[in-house]
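Descriptive structure summary
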Amino acid sequence: MISFFNKLGNSWAAKIICAALALSMMAFWGLGGLSDGFSADNKAISVDSTIITVNHLNQALDRERAKISGLTGQNLTVKKAIEIGLLDKTVQQLVAEQVSQKISDKIGLTASDEAVRKYVERHPAFQDAQGNFDANLFYTYLGQLRMNQAELSEELKKELANKHLSIALSKVATQNKTIIENIANIQKEKREISALLIKESDISVGQPDNTTLKDYYEAYQEEFTAPEYRQIQLLYITPSDFKGEKETAYDRMYQAVQDLEDALGSGAPLKESAEKLGLPKPTLLITDFSGLNQNGKLADKTLDKNPLLQEVFTLSSGESTSIADYGNGFLVAEVDKVIPAALKPFENVKKDVIALWKAEEQKAKLPQTIQQTLTTLTEKGNWSKYKPFKEVVELTKAKQIPVELLSAIFDQSVGMKNAKSYPTNGGSWIIVVNKVIPNSEKISTSEKMDALAVYTQDLLSATQQSYAKDFDVKVNEKTIQKFFSAYMTEE
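**Details of the overall build of the protein chain**
Within the protein chain, the secondary structure is distributed over 16 helices and 13 strands. Here the contacts in the protein chain between residues at least 6 apart in sequence split such that 71% fall between residues at least 24 apart.

So, in structure tokens, the structure goes:
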């Protein structure tokens, strides 16, 4: 995949960001550290004389949300994007882009339009099975990125310009064979660790009294409210409902549907009309907007993901939907009764209230549990009541430890006094590095090439950081927080 699709996420820019943002931002939400002199309502970021407004930042966040939504098939709201740190990442990306551009301008790094064109045409991401450039693939990617050709061209020019510097530094790096071998050895090191996953669900919180439960019941009424239902007459008409050969049965079905449409249009009830026309008797059922009955099961298989329900829930008692194509026949529904949304009785949902209370209490108690465990490890040198498991992990491979934690674990110092916690979904990992296991195997050519890439990246990072010191980077946290605060209360 072309690198700009995940631009700056895992590149030298991430390291520049750390250096640049350290001057102006300790953490994105709530820790301050910003320049008081940069407080205009619409200015989110400044890099020297370049200003990035909150509107520009919002547009960039929209593009990032669209990428993730396209990959997952689910809409990522602004609120959720902020909660998972995507806004923070977008700020970092915008800063890195500006710093990178100014460095390129300063040392004369450029890429021509022709170079960009060839880069796109030759890239595998835009080629068909025969290796030819496929314009449809290209425009599909543009749509996913929410970019036009001009914007993409500018992004690629920046990328290619930085590649020039990277290639030059790689030639310097090849001269340092000892360093390359040392890096390769470090890359092949292993760590023996002791690990423990503390889950929220494992934390003991006791039992709540009835008063507490009723308080939760009142506070979280929406969690215990039955949705609005419709009691409906549902009629499914198929050719099998009519006698005769296949063609004759279809003709009779179409005529019956036309007659039924006329009858319903004149205000006749569905059940009565079906009886007069010799159609099957409609099915009486109760359904919510998603097609589920009051027991949480699919009310009728014809309602599974059926857009007919959208029309059903716009109707009042006695009104019928339009007759819609369904399968090899037709489907129509009439509303008998509207059953409003209602709060479920406390006694009926008491178990659910207890489960909610327990989950909330466990979530609130997790940070304290983690801190107590870390304190016991770092100060007393033992795991207390816990029994961790041991594992030998590599930089990119582990059996039980999440791969995304390995890089941080390899940066962790040896010993219980250096124990660390790593948050995960529904809990937190606690890791102690017992010892470093040096590499004892011969370094292969491919491993040396990987080490060369790492060393080149480090040289590139050092070069970029050296130039980045010249640029005044400011992130106006208050302006950004004020602009996006409205999204934090969205449903």
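**A few points about the sheet that holds strand S10 (residues 389-394)**
Reading across the sheet, the four strands line up as S10-S3-S12-S11 and stay open at both edges, with antiparallel pairing between neighbours. Either end of the sheet is taken by a strand with one partner, and the two such strands are S10 and strand S11 (420-424). Strand-to-strand, the axes of this sheet are offset by a mean angle of 35°, without reference to chain direction. Inspection of the sheet shows strand S3 (residues 190-199) paired to S10 by six bridges, in the antiparallel sense. Residue Ile193 lies in a different strand from S10, and its bridge partner there is Glu391. Contacting S3, S11 and strand S12 (427-437), helix H13 (residues 346-380) runs over the sheet at an angle of about 25° to S12.

**Digging into the side chain of Asn476**
Relative to the elements of secondary structure, Asn476 occurs in the loop between strand S13 (473-475) and helix H16 (477-484). Only 2.8 Å separates the side chain of Asn476 from the side chain of Thr479, close enough to count as a polar contact.

**Focus: the sheet that holds strand S6 (residues 283-287)**
Reading across the sheet, the four strands line up as S6-S5-S8-S7 and stay open at both edges, with antiparallel pairing between neighbours. Every other strand in the sheet has two partners, leaving S6 and strand S7 (324-326) as the edge strands with one partner each. On average, each strand axis in the sheet is tilted by 40° relative to the strand beside it, whichever way the strands run. Note: strand S5 (residues 229-237) against S6, five bridges, orientation antiparallel. Note that in S6 the partner of Gln233 across the bridge is Leu284.

**Quick word on the packing of helix H9 (residues 210-219) against H13**
Following both chains from N to C, one finds H9 and H13 inclined at 90°, their axes separated by 9 Å at the closest point. As judged from the angle between their axes, H9 and H13 are roughly perpendicular. On H13, the residues touching Asn210, Thr212, Leu213, Lys214, Tyr216 and Tyr217 of H9 are Phe346, Val349, Lys350, Val353, Ile354, Leu356, Trp357, Glu360 and Glu361. Looking at the contact of H9 with H13 residue by residue, the class counts come to nine nonpolar, two polar and four charged.

**So, the packing of aromatic side chains**
Scanning all chains against the criterion turns up 12 aromatic pairs. Each ring, one from Phe133 and one from Phe138, has its centre 5.9 Å from the other, and the planes form 55°; the classification is tilted. Put simply, the rings of Phe126, Phe133, Phe138 and Tyr139 touch in pairs and so form one group of aromatic residues. Sitting over the ring of Phe346, Lys214 keeps its end group 5.6 Å from the ring centre.

**Quick word on the pattern of salt bridges**
Opposite charge on two side chains allows them to pair when their charged atoms are near. A complete count under the given rule lists 12 salt bridges for this structure. Arg65 is the salt-bridge partner of Asp62, the closest N and O atoms lying 2.9 Å from each other. With Asp62 and Arg65 both in helix H2 (residues 54-72) and three residues apart, the pair spans about one turn of that helix. Between Glu394 and Lys397 there is a salt bridge whose closest N-O contact spans 4.0 Å. Of the residues examined, Glu394 reaches a relative accessible area of 29% and is grouped as partly exposed.

**Some words on the environment of Pro438**
Residue placement: Pro438 occurs in the loop between S12 and helix H15 (445-468). Residue classification places Pro438 among the exposed positions, given a relative accessible area of 59%. As a C-alpha pair, Pro438 and Lys188 span 250 residues in sequence and 7.6 Å in three-dimensional space.

**Examining unusual backbone geometry**
We note that Lys305 has phi near 55°; this positive angle belongs to a residue other than glycine. In this fold, Lys305 is placed in the loop between S6 and helix H12 (308-312). The phi dihedral of Ser384 falls on the positive side, at around 55°, and the residue is not glycine. Mapped onto the fold, Ser384 is located in the loop between H13 and S10. Residue class for Ser384 comes out exposed when judged on its relative accessible area of 55%.

**A few points about the side chain of Thr302**
With respect to the helices, strands and loops of the structure, Thr302 is situated in the loop between S6 and H12. A polar atom in the side chain of Thr302 sits 2.6 Å from the side chain of Asp300. In this view, Thr302 contacts Leu234, Tyr236, Tyr326 and Leu331; residues no more than four positions away in its chain are not counted.

Rules used throughout
Residues numbered from 1 in each chain as written. Predicted model: local features only at pLDDT ≥ 70, side-chain atom pairs only at ≥ 80, totals over all residues. Heavy atoms only, no water. Helix = DSSP H or I, 4+ residues; strand = E, 2+ residues; numbered from the N terminus. Contact = heavy atoms within 4.5 Å. Pairing = 2+ DSSP bridges. Axes fitted to C-alpha atoms, helices over the stretch in contact; angles between N-to-C directions. Polar contact = N/O pair within 3.5 Å; in protein donor to acceptor, adjacent residues only side chain to side chain. Parallel < 35°, antiparallel > 145°, perpendicular 65-115°, else oblique. Nonpolar A, V, L, I, M, F, W, Y, C, P; charged D, E, K, R; others polar. Phe/Tyr/Trp six-rings, centres within 6.5 Å; stacked < 30°, edge-to-face > 60°. Lys NZ or Arg CZ within 6 Å of the ring centre and 35° of its normal. Salt bridge = Lys/Arg side-chain N within 4 Å of Asp/Glu carboxyl O. Buried < 20%, exposed > 50% of the residue type's maximum accessible area, 1.4 Å probe, protein only.

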